[in-house]
Every structure is written in C-alpha cells, then in structure tokens.
Amino acid sequence: MGKKLYVGNLSYDTTSDSLGKAFSAYGKVDSSEVISDRMTGRSKGFGFVEMGTEQEAQAAIAALNGQDLDGRTVTVNEARPKEPRVGGGGGFGGGDRFGGGEGRRGGGEGGRSHRR
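Reading the values: the criteria
- Residues numbered from 1 in each chain as written.
- Predicted model: local features only at pLDDT ≥ 70, side-chain atom pairs only at ≥ 80, totals over all residues.
- Heavy atoms only, no water.
- Helix = DSSP H or I, 4+ residues; strand = E, 2+ residues; numbered from the N terminus.
- Buried < 20%, exposed > 50% of the residue type's maximum accessible area, 1.4 Å probe, protein only.
- Contact = heavy atoms within 4.5 Å.
- Areas by Shrake-Rupley, 256 points an atom, 1.4 Å probe, with all protein chains shown as cover.
- Pairing = 2+ DSSP bridges.

(A) Structural context of the overall build of the protein chain. For the protein chain, the helix and strand inventory stands at two helices and six strands. Ordered by position from the N terminus, the helices and strands of the protein chain form the series β-α-β-β-α-β-β-β. For the protein chain, with 116 residues in total, the buried portion stands at 23%. Taking all contacts inside the protein chain whose residues are at least 6 apart in sequence as the whole, residues at least 24 apart take part in 56%. Counting only carbon and sulfur atoms, one obtains 46% of the accessible surface of the protein chain, whose full area is about 8,600 Å².

(B) Structural detail: the pairing of strand 1 (residues 3-8). Bridge count between strand 1 and strand 3 (residues 43-51): six bridges; the pairing is antiparallel. Counted as the bridge partner of G8 is F46 from strand 3. As judged from the four bridges shared by strand 1 and strand 6 (residues 75-78), these two strands associate in the antiparallel manner. Note on strand 6: the bridge partner recorded for L5 is E78.

(C) Just the environment of G71, in detail. Within the secondary structure, G71 is located in the loop between strand 4 (68-69) and strand 5 (72-73). Residue classification places G71 among the exposed positions, given a relative accessible area of 58%. C-alpha of G71 to C-alpha of L10: the two residues are 61 residues apart in sequence and 8.7 Å apart in space.

Printed below as a string of structure tokens:
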C-alpha cells in the first residue's frame, strides 16, 4: 500500500497530471488529484498524491516541500485521515422552531407572536 501526501498552496494552473509528473521524479505515483470546487470546477489550491512506498513518499517530501511548483511555493507533508463531518443545523439562523434571531419580522421576535 502506498503513502498518501497532502500538497498545499498549489497554483490554479496545476492539474492532477502535472502534479503527478512533478512527484514521479521521486518514485512511483499511484494517484494524483487536485481538489476542485464542485460548483465552479476551479481548483481549491490543494491536492493529494499517493506514492508507491514510504521511502518514495519521504524522498518527495524532502525534495518538494517549500519548493516552487508552477510559480507557487508548495507545502508537502503526510496526509492526515479525513475527519468525520459533524452534522450541521442548516437553514436560517438559530433559535427555536418558530424562527430565529432576526427573521422576517426583525428585532429578534422570531417568526410568530407568542401572545395568547
């Protein structure tokens, strides 16, 4: 099994292919991917490279961390495991189910009147 590396501060011009080519000088590249925004398709400025062995991964880190790639000084280190996502509240503001904060009525009243 290979070793996954995180590559940060990528140029928007860097592609998954060019990223893999840069790392191939230090060993076998099993995969390379520049992460892009789902909505725009534009690079988010970071990516991942999976090297064939631990030794090749360490060689790539030593050689490329802090070096110029497509006009940007990149950060290369071992990738950390993906953190589980925490469920979000979604929707509008906070508060109770009748509205939160400054809803349509403004002023923090919430969405409904609580008078009887």
